[in-house]
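# A structural walkthrough
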Amino acid sequence: MQPLIAPSILSADFARLAAEADAVANADWLHVDVMDNHFVPNLTIGLPVVRSLRKATDLPLDCHLMIDDPDRWAPPYAEAGARNVTVHAEAAADPVQLARALRSAGALAGLAVKPGTPLEPYLDVLTGYDTLLVMTVEPGFGGQEFLAEVLPKVREARRRVESGHLRLHVEVDGGINATTIEAAAEAGADVFVAGSAVFSAADPAQAVADLRQRAAGAG
Ligand code: DX5
Ligand code: ZN
């Protein structure tokens, strides 16, 4: 399995986003954390920034929407050209219909679950998704510590993919760094979001390459 590394611009300099994207041009996806100060207690960026970023980089945009009412607000991110648009299972009213809307707007559809949210209630719904984002911290802030107790959920998702029940990327987000990425890869993740571990590094591109190598060695 080829690991995909998705640096999160939450830890980048928001006044220099084009340059920050250039600094990780060797990444696979660029992870964009959209927060509305309702679903999570933090406020970041929205659609206008995603539209501008789309023009400023060739990296595929991986938009992680930590927002209420994604049924209404998520499809425009797909229309703006995001490669993958992930909504939270806890926030979506009709996740089946929402996945269809995201796909018909040309994006991959992603469903995210918070650390305390089980997979079981969403197993049917997930057959219509391309990405499952397993949060390995409570959503809202970068720089938090990786929650290893979430790894059984990653394993469970990978088992469902291997048995053919699901066909999707298993993405982990939160606290991923050189120390934790191997455990996440070994549990079956194939997309790795890393914010502080990449953008706090002296050489962000080298940090991406290093994370990729560790994930490939462990997965
Ligand atoms: C947290 C965000 C993450 C965050 C990860 O709610 O979804 O994408 O940027 O940051 P690190 O890698 O620093 O934990
Ligand atoms: Zn995220």
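Summary of the structure given here.

Cut-offs used in this document
Residues numbered from 1 in each chain as written. Chains lettered and ligands numbered in written order. Predicted model: local features only at pLDDT ≥ 70, side-chain atom pairs only at ≥ 80, totals over all residues. Heavy atoms only, no water. Salt bridge = Lys/Arg side-chain N within 4 Å of Asp/Glu carboxyl O. Helix = DSSP H or I, 4+ residues; strand = E, 2+ residues; numbered from the N terminus. Buried < 20%, exposed > 50% of the residue type's maximum accessible area, 1.4 Å probe, protein only. Arc of directions from axis to C-beta. Contact = heavy atoms within 4.5 Å. Core = buried A, V, L, I, M, F, W, Y, C linked by side-chain atoms within 4.5 Å. Near = heavy atom within 4 Å. Polar contact = N/O pair within 3.5 Å; in protein donor to acceptor, adjacent residues only side chain to side chain. Areas by Shrake-Rupley, 256 points an atom, 1.4 Å probe, with all protein chains shown as cover. Nonpolar A, V, L, I, M, F, W, Y, C, P; charged D, E, K, R; others polar.

Turning our eyes to something else, we now look at the pattern of salt bridges. Two side chains with opposite charge may pair up if their charged atoms get near one another. Applying the stated criterion across every chain yields a total of nine salt bridges. Asp130 is paired through a salt bridge with Arg103; the nearest N and O atoms lie 3.0 Å apart. Of this pair, Asp130 sits in the loop between strand S5 (108–113) and strand S6 (131–135) while Arg103 sits in helix H5 (residues 95–104), and the two are 27 residues apart along the sequence. The residue Asp210 makes a salt bridge to Arg214 at a minimum N-O spacing of 3.2 Å.

So, on to helix H2 (residues 47–56). Burial in H2 covers these residues: Leu47, Val50 and Leu53. The buried residues of H2 occupy an angular sector of 120° when the element is viewed end-on, so they sit on one face. Facing away from the buried side of H2 by more than 90 degrees, the exposed set consists of Pro48 and Lys55. On its buried side, H2 packs onto helix H1 (17–23), strand S2 (30–35), strand S3 (61–66) and helix H4 (75–79).

Turning our attention to the nonpolar core. General note: in soluble globular proteins, nonpolar side chains tend to be found buried as a group. Ile9, Val32, Leu65, Val85, Leu126, Tyr129 and Phe192 are the most contacted members of the largest nonpolar core, which has 66 residues in total. Beyond its immediate stretch of four places on either side in the chain, Val32 contacts Ile9, Ile45, Val50, Leu53, Leu61, Asp62, Cys63 and His64.

Despite not being glycine, Asn37 shows a phi value in the positive range, around 65°. One can find Asn37 in the loop between S2 and H2. Phi is positive for Asp69, which is not a glycine, with a value near 55°. Positionally, Asp69 belongs in the loop between S3 and helix H3 (70–73).

Our focus in this paragraph is the site of ligand 1. Taken together, 20 residues surround ligand 1, and among them Asp33, Gly140, Asp173, Gly195 and Ser196 come closest. Interatomic distance of 2.7 Å between a side-chain N/O atom of Asp173 and an oxygen atom of ligand 1. At 2.8 Å, a backbone N or O of Gly175 approaches an oxygen atom of ligand 1. Considered on its own, ligand 1 offers 380 Å² of accessible surface; in the complex 100% of this is hidden by protein. At three residues, S2 tops the list of elements feeding residues into the shell around ligand 1. Residue composition of the shell around ligand 1, by class: eight nonpolar, ten polar and two charged.

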